[in-house]
Amino acid sequence: MDWLPALLPQGLLLIMRVIHTLAAATWVGGSAMYLLVVQPALRLAPAPELAAKIAARFRRLVNGCIGLLLVSGAFLTVNRLTETSLGLPYLLALSLKIALALALFALAFYLGQSSIRRLARRSSRFAQVAPRLMLALGVVVFALGALLNILFEASLTSR
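Residues numbered from 1 in each chain as written. Predicted model: local features only at pLDDT ≥ 70, side-chain atom pairs only at ≥ 80, totals over all residues. Heavy atoms only, no water.

A. Main features of the packing of aromatic side chains. According to the stated counting rule, one finds two aromatic pairs in the structure shown. Seen from their ring centres, Trp27 and Phe105 are 5.8 Å apart, and the 10° between their planes marks the pair as stacked. With a gap of 78 residues between them, Trp27 in helix H1 (residues 4-44) and Phe105 in helix H3 (residues 88-112) connect regions that are remote in the sequence. Here Phe105 falls in the buried class, since its relative accessible area comes to 13%. (Phe/Tyr/Trp six-rings, centres within 6.5 Å; stacked < 30°, edge-to-face > 60°. Helix = DSSP H or I, 4+ residues; strand = E, 2+ residues; numbered from the N terminus. Buried < 20%, exposed > 50% of the residue type's maximum accessible area, 1.4 Å probe, protein only.)

Below, the structure written as C-alpha cells:
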C-alpha cells in the first residue's frame, strides 16, 4: 500500500482533467446542438413555451459547466505552472485561453439574462450574433486547450 499516496495526486489530476474536458465538451457541443438544431427547429414550428423551457435548462447546464470549468481550470493551471518550466509560447497560449474563456463566461452571462436578451433582440445585431460568437469562442478555447497539451509535451521532451 506504499504506492497509494503516490497515486492519489495523479488520481485527483486525472479527475480534474476529465471534469474539465467533459464540461468544455458539454458546453461547446450543447451550444452547437442549440444553435444548429434546436433553434432552427423552433423557427419551423414555433413553440414559445417549449423554447423557454429549453433555454432555462440550457442556461442551468451552462452555469454548471462554468462552475466546473473555473474550479478544474484553476487546479490544472496551478498544477501545470508549478510542475515544470514552461516556455513563453505555453504561457502566451495559456493567457489567451484564460482571457477568451473569461470572455466566453461573460457572453454566457449576457445571453442568460432573458429580459436583456429580449430587449436587445429588437434593437441589437449583437444579440443575434452572440450565440454564434459563443460557439466560435468555445471552439477556439477548446483548440487552445489542445495546443497547450502539445506545448506541454514538447517542454517535457526538450529537457
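On we go.
B. Expanded view of helix H5 (residues 125-157). Taking 1.5 Å per residue as the helical rise, H5 with its 33 residues ought to reach 48 Å, and the 48 Å between its terminal C-alpha atoms agrees with that figure. Approximately 35° is the largest bend angle found in H5, and it occurs at Pro131. (Expected span 1.5 Å × (residues − 1). Bend = angle between axes of the 7 residues up to and from the residue.)

C. View of a nonpolar patch on the surface. On the surface, Leu81, Leu88, Leu91 and Leu92 cluster together into a nonpolar patch covering about 370 Å² of accessible area. Of the residues forming the nonpolar patch, the biggest block, three residues, is contributed by H3. Mapped onto the fold, Leu91 is located in helix H3. Looking at Leu91, the relative accessible area reads 36%, which means it is partly exposed. (Patch = residues over 30% accessible without salt bridge, like charges linked within 9 Å, V, L, I, M, F, W, Y side chains within 5 Å. Areas by Shrake-Rupley, 256 points an atom, 1.4 Å probe, with all protein chains shown as cover. Salt bridge = Lys/Arg side-chain N within 4 Å of Asp/Glu carboxyl O.)

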